[in-house]
Protein chains: 2
Amino acid sequence: MDERLPQPVLIVGTGLLGTSLGLALRRRHVEVLLSDVVPEHVRTATGLGAGHPHDGEAVGLVVVAVPPDHVGPEVARALAETDAVVTDVGSVKTAPLRLLDGTAGIERYVGGHPMAGSERSGPLAASAALFDGRPWAVTPHARSSAAATEAVQELARTAGASVVRLSPEEHDEAVARTSHLPHLLSVLVAGRLADAPTDHLALSGQGVRDVTRVAGGDPALWQQIVTGNSAAVAGLLTQVRDQLDVLIDAVTTGDRGTLGEILERGVAGTQAIPGKHGGPSRPTASVFVSVPDHPGELARLFADAGASGVNIEDVHIDHDPARETGLVELVVDETRSDHLHDSLESRGWETHR
Amino acid sequence: MDERLPQPVLIVGTGLLGTSLGLALRRRHVEVLLSDVVPEHVRTATGLGAGHPHDGEAVGLVVVAVPPDHVGPEVARALAETDAVVTDVGSVKTAPLRLLDGTAGIERYVGGHPMAGSERSGPLAASAALFDGRPWAVTPHARSSAAATEAVQELARTAGASVVRLSPEEHDEAVARTSHLPHLLSVLVAGRLADAPTDHLALSGQGVRDVTRVAGGDPALWQQIVTGNSAAVAGLLTQVRDQLDVLIDAVTTGDRGTLGEILERGVAGTQAIPGKHGGPSRPTASVFVSVPDHPGELARLFADAGASGVNIEDVHIDHDPARETGLVELVVDETRSDHLHDSLESRGWETHR
């Protein structure tokens, strides 16, 4: 437990994020108090061991963990009712700040946004490990005090996350690009599947599944996120529409040069995403393995892969619509793929690259 | 070896698909002959055991496995030079057919398209297992003979794939929707990352990685695929542009009702994709596990998961930029997730849902 973290920590809102944060902090023996507009939620979170019900005690740090629409008002209330440092865990940062303009004590507020979540919601889905190793954006504004900023950074670190410090404006532009735009384009692709003939969808491969996976997220939540970051999102959507116009024209007229430029730019974009552990992306290669679709077979595969001494960077399982065999893609350091391939073949696995 | 498969099979083009097909057929003791404009490629494929060099012998079935641009002319040549059944493995089906209109022997041609591939190319990337369990579209046209259609279906089955029969027009609409559109939209999202500030990309989570993964595919190949299916692709891109206009308007004006409808339609689309083994999608749930990033740890996890008796439907490994800990998502049947969670916890894994 670190003295830089003001205590007790009051968590306002005991949904998935609030309860998980309580659990993560309790793991480090931080004193945690909980409140929620629904008393039953506090009882559930308390029962899970996320902290104790708040009963008006003075607190050192308030974490507002409520749905995006309610972040601004709840932060204002916390600033008015306490003299604590106040942060939040909302997905957008400039909209609540606009609402807080001129609020007394604004120097005690520093926004935050852990890059963690789940398709599920509510305290029962919570976990002490939710933030482990995840980026946690900490977004001081122009008037945030250095002490408040340090306290919020310490909160993120204590929860197991790694701090990424950005201004509120930078944060909102960053998530518009890395989260909100991908989500909305995924939704548009998925929307085109909704009315497709069933036998056409039989040709669905791993590509379309990857592209549309996030489109399954909760519409009510995403409605709030997108409208809360409307300027940055609309700006990027407009850029995409301009590119889409160029693309449609290139496809229609058979302009291969323009089409090639757009495709090359996409390749460059995939290479711009940072690799694991913050380093530059290392070249990886895939080894594909046919695996019978029964419990224990994956265990056997990973045991054999582990025996090869090669670290698995990523795994994909291909959902094949017709066979009782799965195709497992093991992504490894390019320089190690031959060794993994040979090692698995020698153990009787049907592999290819 | 089945008598419905005319032999020998001549494979024209010994790249990834052609060589893999040779290997898959040889596994079933089918007589396979190989040709390629580059003699060196034939020698490589022959060396791998994919078949023998073609030396003018009469053949029963010709498989054209050349880049999309060359499919039509190569099919025409095979129809003219042999009296064999002719098929191909190209990604688009109507464009080559238009080129073949009026060709003598056209009743012997039936298109095909295995839904298998790789980011890699060339005979050295080939594998006998490439088609195992994958859909293989077989696309007879109006004048295809029943015998030719049956022969091509048998080819797909012998290679290990499962046949999905569609007309050429249906096929091209289907892949425009399930492959070409997702690819191009993924490219547009990735393109927006190419010029983003590096510290913004530090917030990249699994979502954007999933959405943009396919955008890393070979631009030269995708150029040919997209221009070969330009009408269907342009039609869908135009539908997406119309939806994008509505979306931009909804985001800009804060029209939550319209935004909600678009998001709900995306959810419906993700649910329309068929589940594994062709059945309806079963509800799944995810169990998240923190795993140290060392060789052998994944093996230990999958051994413990296997011991629980729960079948893993899918796996995702979250790339966290800062920590030496990975977060592994195990996707399992919803009714089995509690058991898996408890079983892993009891074995000392830090898990959450």
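Computed from a predicted model, the values in this text were never measured in an experiment.

Draft legend 1. Spotlight on the domain arrangement of chain A. Segmenting chain A into domains produces domain 1 (9–166), domain 2 (172–272) and domain 3 (284–352). A straight line from the C-alpha centre of domain 1 of chain A to that of domain 3 of chain A covers 41 Å.

Draft legend 2. Representation of the interface of chain B and chain A within the structure. Taken together, the contact between chain B and chain A spans 121 residues of the former and 121 residues of the latter. Counting residues per element, the side of chain B that touches chain A draws most heavily on helix H6 (residues 168–193) of chain B, at 20 residues. The residue makeup of the side of chain B that touches chain A, split by class, is 62 nonpolar, 37 polar and 22 charged.

Draft legend 3. Structural detail: the pairing of strand E2 (residues 32–35) of chain A. Residues and elements named next belong to chain A. Residues Val32 and Leu34 point to one face of E2 and Leu33 and Ser35 to the other, with burial holding for every one of them. Bridge count for strand E1 (residues 9–12) against E2 is 4 bridges, and the pairing is parallel. Of the residues in E2, the one forming a bridge with isoleucine 11 is leucine 34. Each parallel crossover has a hand, and for E1 linked through helix H1 (residues 16–27) to E2 it is right-handed. Here 2 bridges tie E2 to strand E3 (residues 52–53), and the two strands are oriented parallel to one another. Within the sheet, the bridge partner assigned to leucine 33 lies in E3 and is histidine 52.

Draft legend 4. Geometry of the packing of helix H9 (residues 219–228) of chain A against helix H11 (residues 256–272) of chain B. Contact pair H9 of chain A / H11 of chain B: the axes reach a minimum separation of 9 Å and the direction vectors enclose 130°. Overall, the two elements H9 of chain A and H11 of chain B adopt an arrangement that is oblique. Classified by chirality, the crossing of H11 of chain B by H9 of chain A is right-handed. Contact with H9 of chain A, carried on its side by Pro219, Trp222, Gln223, Val226 and Thr227 of chain A, involves Arg256, Leu259, Gly260, Leu263, Glu264 and Val267 of chain B of H11 of chain B and no other residues of that element. Of the residues that constitute the contact of H9 of chain A with H11 of chain B, the class distribution is 6 nonpolar, 3 polar and 2 charged.

Draft legend 5. The packing of H6 of chain B against helix H10 (residues 230–253) of chain B, seen in detail. Residues and elements named next belong to chain B. In the contact formed by H6 and H10, the axes pass within 9 Å of each other and the chain directions differ by 55°. Considering their axes alone, H6 and H10 lie oblique with respect to each other. Here H6 runs over H10; the crossing is right-handed. The residues of H10 that touch H6, namely those facing Asp172, Glu173, Ala176, Arg177, His180, Leu181, Leu184 and Leu185, are Ala232, Val233, Leu236, Leu237 and Val240. Split by residue class, the contact of H6 with H10 holds 9 nonpolar, 1 polar and 3 charged.

Draft legend 6. View of the relation of the copies chain B and chain A. Mapping chain B onto chain A leaves a residual RMSD of 0.1 Å; the transformation is a rotation of 180° accompanied by 0.0 Å of translation along its axis. Put plainly, the chains are arranged around a two-fold axis. Minimal C-alpha separation from the rotation axis in chain B is found for valine 211 of chain B, amounting to 2.0 Å. Of the interface residues in chain B, 100% have counterparts in chain A that sit at the interface too, so the contact is made through matching surfaces.

Thresholds applied
Residues numbered from 1 in each chain as written. Chains lettered and ligands numbered in written order. Predicted model: local features only at pLDDT ≥ 70, side-chain atom pairs only at ≥ 80, totals over all residues. Domains from an automatic or database assignment. Contact = placed C-beta atoms within 7 Å. Helix = DSSP H or I, 4+ residues; strand = E, 2+ residues; numbered from the N terminus. Nonpolar A, V, L, I, M, F, W, Y, C, P; charged D, E, K, R; others polar. Buried ≥ 20, exposed ≤ 12 C-beta atoms within 10 Å, placed from the backbone. Pairing = 2+ DSSP bridges. Right-handed = clockwise from strand over helix to strand, strands pointing away. Axes fitted to C-alpha atoms, helices over the stretch in contact; angles between N-to-C directions. Parallel < 35°, antiparallel > 145°, perpendicular 65-115°, else oblique. Left-handed = near helix turned anticlockwise from the far one by under 90°. Least-squares fit on C-alpha atoms with pLDDT ≥ 70 in both.

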